[in-house]
Amino acid sequence: MTTDRAGPAPHDRRWQALAVCLTAAFMTLLDTSIVNVALPSVQRGLGASTAELSWVMSGYALTLGLSLVPAGRLGDMRGRSRTFLTGLALFTLASAACGLSTGAAWLVLFRLVQGASAGLIAPQTSALIQQMFQGRERARAFGLMGSTIGISTAVGPLVGGLLIQAAGGPDAWRWVFYVNLPLGAAVFCAGLRLLPRSPGSPGRRECFDVPGVLLLGSGVLALMLPLVQEQQWHGRLKWALLPAGAGLLAAFWAWERRQVRHERAPLVDLRLFQLRSFSLGALLSLVYFGGFTTLFFVYTLFLQNGLGYGALAAGLSSMPFAAGSALGAAAGGRLVVRFGRRLVIAGLCTVAAGMLGAIAAVHWVPGRGVAWAAALPLLVAGVGSGLTISPNTTLTLSLVPVRRGGAAGGVLQTAQRIGSAAGVAVVGSVYFAHLAHHGTPATALQYGLLTSVAIILLALSLAYADLRERRVRPQLEPARESV
């Protein structure tokens, strides 16, 4: 690896560069959940409609998911550090524009830009880790990345609640976005000095695959749109977009194969999916994120709407999961080289056990004391989540060539975003259906969490099947140079 000043990077500089990447990742992931508790303030301050509030949340997730793979490929071609810094600058400016918005429509527009900017950053983070680290150090770096994912996802409501309570007034929601400004500026300046130079891919035919971008983007949009808008779009016609999205993705697959046959650079080199570690890991991520991210969605709804918790108290209730996730991910980064897929299986079992414990707490502890009763089970679930996400990321990308690291990271994180959207749609439907029919928030939460556990058990079955296949019929992964 080389730095901008040429020559090998010192050991400590790599870890400083990792801190830059993870801080930016924390900012972008925090914005997926920090806005949730600010929505009542947005509604009061801007007079936003329910549909506009929905798009403030879902628009970010949509454009983030759409931009991940093209952004990863762009980083592989044009340089990861350059793409990372461009995305960070745009994200910081978009955050300022969100905070300065004078109407709900402007806020929705800038949230879309903010999500696309976050999509520029995300795949560069995993690709830079692959570029800077090898072996056990890479596993440790991915462990820290897993801690960042777990903590940022869980503490978003808490940070949002603290900011709104501290600011007060009808414009309190603006500080949810303004908080990104000093942090974004500091990270940008540090990134200019610390991030390694990553030259674009060599070769005359390395051009951007525009038809591939359009086909993949249309397919992912058709899949995600009815999922993220499931509660806002009534009727069943929206589900017709799912087979349309599958057809577009099939067309994308055929186009990418054609690109390879004609020796043109594809958006996603489909030979990556010949790596069982990559294909299985991406599928497992899709399923697992469909299970665990829904916890915060239904649990926060239950505490605020069912028990009357404020935004700050509801955010504090998710802290045990965040703490456990940080601990589990740090441990997972050290243990994955030794235990491999068995560690992921142990993590998934721990998540399922913790969530079943949370269900028991909701069932046996009435009233507002449920958050205290659920704290230990959520801590256990968080540890399991940390033992799942970072080891699975390490295993998924372990045999991916560094020169394809951005695109591969984009595919992996796109799977996570689609899984999250699908999980929220499914678990949210179960929660709201039981709430409508029975009128008991605790019962609705239990059924919602049971659905999440079922999804996690599906991920567990995938991991176990892969481990058993490797024991019964060991297979060699294709050589890295062949991809």
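Structural data are supplied above this passage.
If you're wondering where the values come from, they're calculated on a predicted model, not measured in any experiment. Along each chain, the written sequence defines residue order, and numbers are assigned to residues from 1. Reporting in this predicted model follows two pLDDT cut-offs: at least 70 for local features of residues, and 80 or more for side-chain atom pairs to be given and counted; totals over whole chains, interfaces and linings ignore these cut-offs and use all residues. Hydrogens and water are ignored here; the side-chain numbers use all heavy atoms of the structure.

Quick look at the overall build of the protein now. Of regular secondary structure, the protein possesses 19 helices and 0 strands. In this description the radius of gyration comes from C-alpha coordinates, and the expected globular size is given by 2.2 Å times residues to the power 0.38. Taking 23 Å as the expected radius of gyration for a compact globule of 483 residues, we find that the protein reaches 21 Å, a close match to that expectation. Partly exposed residues are those whose accessible area sits between 20% and 50% of the maximum for their type, while under 20% is buried and over 50% is exposed, using a 1.4 Å probe and protein chains only. Per-residue burial for the protein yields a buried fraction of 57% across its 483 residues. Intrachain contacts of the protein at a sequence separation of at least 6 include 84% that bridge at least 24 residues. Per-residue accessibility takes into account occlusion by the displayed protein chains alone, with areas from the Shrake-Rupley method and a 1.4 Å probe. Surface exposure of the protein reaches about 19300 Å², of which carbon and sulfur atoms provide 66%. The numbering of helices and of strands both runs from the N terminus, where a helix is a DSSP run of H or I of at least 4 residues and a strand a run of E of at least 2. Contact between two residues is taken to exist if any of their heavy atoms lie within 4.5 Å; hydrogens are not considered.

This part covers the packing of aromatic side chains. Centre distance within 6.5 Å is the pairing criterion for rings of Phe, Tyr and Trp, where only the six-membered ring of Trp is used; planes under 30 degrees apart are then read as stacked, over 60 as edge-to-face, and the remainder as tilted. A full pass over the atoms with the stated rule returns 11 aromatic pairs. Measuring from centroid to centroid gives 5.5 Å for Trp253 and Phe273, while their planes differ by 45°, and the two rings are tilted. In this pair, Trp253 sits in helix α10 (residues 241–261) while Phe273 sits in the loop between α10 and α11 (276–292), placing the two residues 20 residues apart along the sequence. In this structure Phe273 comes out as partly exposed when scored by relative accessible area, which is 28%. Seen from their ring centres, Phe273 and Phe278 are 5.3 Å apart, and the 70° between their planes marks the pair as edge-to-face.

Cysteine sulfur pairs qualify as disulfides if the two atoms are within 2.5 Å. One pass over the full model with this rule turns up 0 disulfides. No disulfide involves Cys189; its sulfur sits 15 Å from the nearest other cysteine sulfur, which is in Cys21.

Let's shift gears to the packing of helix α6 (residues 135–167) against helix α17 (residues 375–397). Fitted lines through C-alpha atoms serve as axes, helices being fitted only where they are in contact, and the angles separating the N-to-C directions of these axes extend from 0 to 180 degrees. Running from N to C, α6 and α17 cross one another at 135°; their axes reach a closest spacing of 8 Å. Classed by the angle they form, the pair α6 and α17 counts as oblique. Between α6 and α17 the crossing geometry is right-handed. Between α6, through Arg138, Ala139, Phe142, Gly143, Gly146 and Ile149, and α17, the contact on the second element is made entirely by Ile389, Ser390, Thr393, Thr394 and Leu397. Residues are grouped as follows: nonpolar covers Ala, Val, Leu, Ile, Met, Phe, Trp, Tyr, Cys and Pro; charged covers Asp, Glu, Lys and Arg; every other residue, Gly included, is treated as polar. In terms of residue class, the contact of α6 with α17 is built from 5 nonpolar, 5 polar and 1 charged. To sort the angles, those under 35 degrees are grouped as roughly parallel, those over 145 as roughly antiparallel, those from 65 to 115 as roughly perpendicular, and the leftovers as oblique. By convention the crossing between two helices is left-handed if the near helix lies anticlockwise of the far one by an angle smaller than a right angle, and right-handed if it lies clockwise.

What is shown is where atoms sit, not what they do.
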